[in-house]
Amino acid sequence: MKTIFFECKKLFAEKANYFGFILLTFIFTIPLFLFTTAQENRYENELQYLRANLEYGEQAQKQMELEPAAAHILPDTIERNELLSAYIDALISGTDEERIKAEYAYEKKLLQNMESGILNGLSIIEQQKAVLVLENLVKNDITKVDDSFQASAPALNYVARIFSGTVSSSLIFSICALLFANIYSFEKRKNHINFFNLVPSRLGSSFLAKVSTATAFVTLSLVIPLIIAFSISAFQNGIGNFRYPIAYSQDGIDVSFMSVTAFNSRSLLLFLLFIFFLSSLSFFISLFTGSLLINAGILLSSILLVESPLLQSDSLINVVHLLPFSYADPYKVLIFSDYSSPIINPSLNFQNGVLCLLIYSLLFFSVSFVIIVRRKKCRRLNSAKIPQIG
């Protein structure tokens, strides 16, 4: 307990260690105060877009009526325009239940036309996701959450948006990486005696005290801002529905859905495991250099790999699921693919992510501990060889 208390005291005494908590709290909560939208204007942009589509559809319908060759697709065009018109009317004057049912009927018709080849140029898998979510909302009588207005989202959906890329995961992990680099390079930067040579307690307990307090400190620097953002959003808009669906595709072909609760819990677990991995890697680096810049530079450059095309290269595409930094974006791991980010490797999934991050973390910590033990033995041997004076 004394070693843990000693490490905690050292962490809290360093004022620079608070920047992560302050910055993440600001990043997670600022959308709740800046991106506010009046309820009466909520559907304005969507109505404008749908009216333009209806106008285009009615013009296409008139042209088809004059073209005998288009007679076979005319009934679908007429039905699609009627459903779109009903959807627009529901947005203007209907209840929430009428709006979602009208949207579901229209989107379902679009999907049928896409699958039959009448419509093209759109992503079928993205349309399947949209229809599956709407179908689930209608069947379970769940109110749809508008994805375009962050400030109006219930707490569960707001946190899901944080995990879905409203805040870049690379930015979040970069802040955590800087924290670890600052913590683990503290002793050498301040010219302090090495902690493991100083403490009289067992080496194993000293090692665990150091890495556990550092990991817990950075973890809390992430989790507490999330709790604060969740609480503010819940106060403003309620907690939300625990069964709210989020669609995903594991193989890029078939579409399924998970609840927002499952998505948030899995995302949080991947975030925490990645922080655990960053802790192990940063500690390992600190054994060879006390430079904050080198430690942080290695961590940050590795995190940015997830944003580079390197992981999508032909040479790495089949082994990308074996690399820990492939899991630095939990949204891509859980949702697997979307229109702008096609699936890379079906093995890049939640289960493999948990195993991969755990294995690499334990490996780095184990190797680090072995290095510390051997260094301490070498110092003892060297000390024993020094002749005594007198």
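Just above, that's the structure.
Residues numbered from 1 in each chain as written. Predicted model: local features only at pLDDT ≥ 70, side-chain atom pairs only at ≥ 80, totals over all residues. Heavy atoms only, no water.

1. Section: the overall build of the protein chain
To be explicit about the condition: Segments assigned H or I by DSSP are reported as helices when at least four residues long, segments assigned E as strands when at least two residues long, and all are numbered from the N terminus. Between two residues, a contact is recorded if the distance between any of their heavy atoms is within 4.5 Å. The method behind every accessible area is Shrake-Rupley, applied with a 1.4 Å probe, and residues are considered shielded solely by the protein chains displayed.
A tally of regular secondary structure across the protein chain gives 15 helices and two strands. Excluding contacts between residues fewer than 6 apart, the proportion of contacts in the protein chain whose partners are at least 24 apart in sequence is 75%. Counting every atom, the protein chain has about 20700 Å² of accessible surface; 62% of that belongs to carbon and sulfur.

2. Digging into helix α5 (residues 96-116)
Note the following rule: Each helix should span, by expectation, one fewer than its residue count multiplied by 1.5 Å. Only protein chains enter the area calculation, which uses a 1.4 Å probe; residues under 20% of their type maximum are buried, those over 50% are exposed, and those in between are partly exposed.
Here α5 contains 21 residues, and its C-alpha end-to-end distance of 30 Å stays within 8% of the 30 Å for a straight helix at 1.5 Å per residue. Within the sequence span of α5, burial applies to Arg99, Ile100, Ala102, Glu103, Tyr104, Tyr106, Glu107, Lys109, Leu110, Leu111, Asn113 and Met114. Positive backbone phi, at 90 degrees, marks Gly117, one or two positions downstream of α5.

3. As for the pattern of salt bridges
Rules: What makes a salt bridge here is a side-chain nitrogen of Lys or Arg within 4 Å of a carboxyl oxygen of Asp or Glu, nothing more.
Counted under the stated rule, the structure contains seven salt bridges. In this structure, the salt-bridge partner of Asp76 is Lys109, at a minimum N-O distance of 2.7 Å. Of this pair, Asp76 sits in helix α4 (residues 74-93) while Lys109 sits in helix α5, placing them 33 residues apart in sequence. By relative accessible area, Asp76 is classed as buried at 18%. Of the residues examined, Lys109 reaches a relative accessible area of 6% and is grouped as buried. A salt bridge links Lys139 to Glu135, with the shortest nitrogen-to-oxygen separation between them at 3.0 Å.

4. Brief notes about unusual backbone geometry
The phi torsion at Asp141 lies on the positive side, around 55 degrees, for a residue other than glycine. Topologically, Asp141 is positioned in the loop between α6 (124-139) and α7 (155-166).

5. Structural notes on the packing of α5 against α6
Each pair of packed helices gets described by two things: the angle between the helix axes and the distance between those axes. The condition is simple: With axes taken as lines fitted to C-alpha atoms, and helix axes fitted only over the stretch in contact, angles between N-to-C directions fall between 0 and 180 degrees. Angle categories are assigned with fixed cut-offs, so that under 35 degrees is roughly parallel, over 145 is roughly antiparallel, 65 to 115 is roughly perpendicular, and the rest are oblique. Two helices crossing with the near one rotated counterclockwise from the far one by less than a right angle form a left-handed crossing, whereas a clockwise rotation gives a right-handed crossing.
In the contact formed by α5 and α6, the axes pass within 9 Å of each other and the chain directions differ by 150 degrees. Judged by the angle between their axes, α5 and α6 are roughly antiparallel. Relative to α6, α5 is oriented so that their crossing is left-handed. Together, Ile100, Lys101, Glu103, Tyr104, Glu107, Lys108, Leu110, Leu111, Met114 and Glu115 of α5 and Ile124, Gln127, Gln128, Val131, Leu134, Glu135, Leu137 and Val138 of α6 make up the contact between the two elements.

6. Details of α7
Relative to the 16 Å expected for 12 residues at 1.5 Å per residue, α7 spans just 14 Å between its end C-alpha atoms, considerably shorter than the ideal helical length. For α7, a buried count of nine out of 12 residues is recorded, marking the element as mostly surrounded by other parts of the structure. Ala155, Leu156, Asn157, Tyr158, Val159, Ala160, Arg161, Ile162 and Phe163 are the residues of α7 that are buried. Where α7 is buried, its residues touch α2 (19-34), α11 (203-237), β1 (245-248), α12 (260-286) and α14 (330-335).

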